[in-house]
Amino acid sequence: MRKTTTFALLATAVVALGCGAGATDADTASSSGSDGAAVKGEEKAAKTAKIGQPARDGKFEFTVKSSKCGVAKVGTSMLGEKAQGQFCLITINVKNIGKESQMFDGSSQKAYAADGTEYSADTGAAIYANQNAETFLNDINPGNQVTGVVVFDIPKKVKLTKLELHDSPFSGGVTVALS
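A few points on the structure. Remember, it's a predicted structure, so these values are computed and weren't measured experimentally.

Looking now at the sheet that holds strand β7 (residues 118-120). Ordered in space as β1-β11-β10-β6-β7, the five strands form an open sheet in which the pairing is mixed. The strands lining the two open edges of the sheet, one partner per strand, are β1 (48-50) and β7. On average, each strand axis in the sheet is tilted by 30° relative to the strand beside it, whichever way the strands run. Relative to strand β11 (residues 174-177), strand β10 (residues 160-165) is paired through four bridges, and the arrangement is antiparallel. What sits directly across from L163, in β11, is V176.

Shown next as structure tokens:
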């Protein structure tokens, strides 16, 4: 019984030391103050592009070619998908600027309205919106590029103001202003 109590106290001490070390690191990071905020502000400004301007995230360079909202259906009369609200079709060129192949994942892309509401891509509708749906499902080799349509199904009265484009689900992303 005494060994169990000693082990429990030792384990508690290790956890407490670990928590204290984490707090010290956080305090040190926050004490950098305005210098850290200035760097984040510069990164944010550097990562915003407009339609027609290239923007980079990780291994991809994105160029938004066009944005068309108000589309009720994509596909053909036989095969297609109807919007719950309206489809916004975003035509994007994606170039692999890395040294390895990389898969473009339409579901990693996000769109935002002016009030900050986030919308995810509708990958099912994108199959019908792209004549060659395989374009976005295959790896893009270094130096190669593809152009395709990312589809967002948003409410009828909503207007998208920006996109957040990612080379992978875990990347930081790059912002592209739509207006």
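Resuming the write-up.
Quick look at the environment of G106 now. Its place among the elements puts G106 in the loop between β5 (102-103) and β6 (110-113). Judged by relative accessible area, G106 falls into the buried class, the value being 14%. Residues G106 and V151 lie 45 residues apart in sequence; the distance between their C-alpha atoms is 8.6 Å. Excluding residues within four positions of it along the chain, G106 makes contact with A121, T123 and V150.

To continue, consider the state of the cysteines. Summed over all chains, the structure comprises one disulfide. Residue pairing for C69: its cysteine sulfur links by disulfide to C88, the two sulfurs lying 2.0 Å apart. Residues C69 and C88 are joined through a disulfide that is right-handed, its torsion about the S-S bond being 115°. With a gap of 19 residues between them, C69 in strand β3 (residues 60-75) and C88 in strand β4 (residues 80-96) connect regions that are remote in the sequence. Judged by its relative accessible area of 0%, C88 falls in the buried class.

What counts, and where the lines are drawn
Residues numbered from 1 in each chain as written. Predicted model: local features only at pLDDT ≥ 70, side-chain atom pairs only at ≥ 80, totals over all residues. Heavy atoms only, no water. Pairing = 2+ DSSP bridges. Helix = DSSP H or I, 4+ residues; strand = E, 2+ residues; numbered from the N terminus. Axes fitted to C-alpha atoms, helices over the stretch in contact; angles between N-to-C directions. Buried < 20%, exposed > 50% of the residue type's maximum accessible area, 1.4 Å probe, protein only. Contact = heavy atoms within 4.5 Å. Disulfide = S-S within 2.5 Å.

Don't take any of this as a statement about function, it's just geometry.
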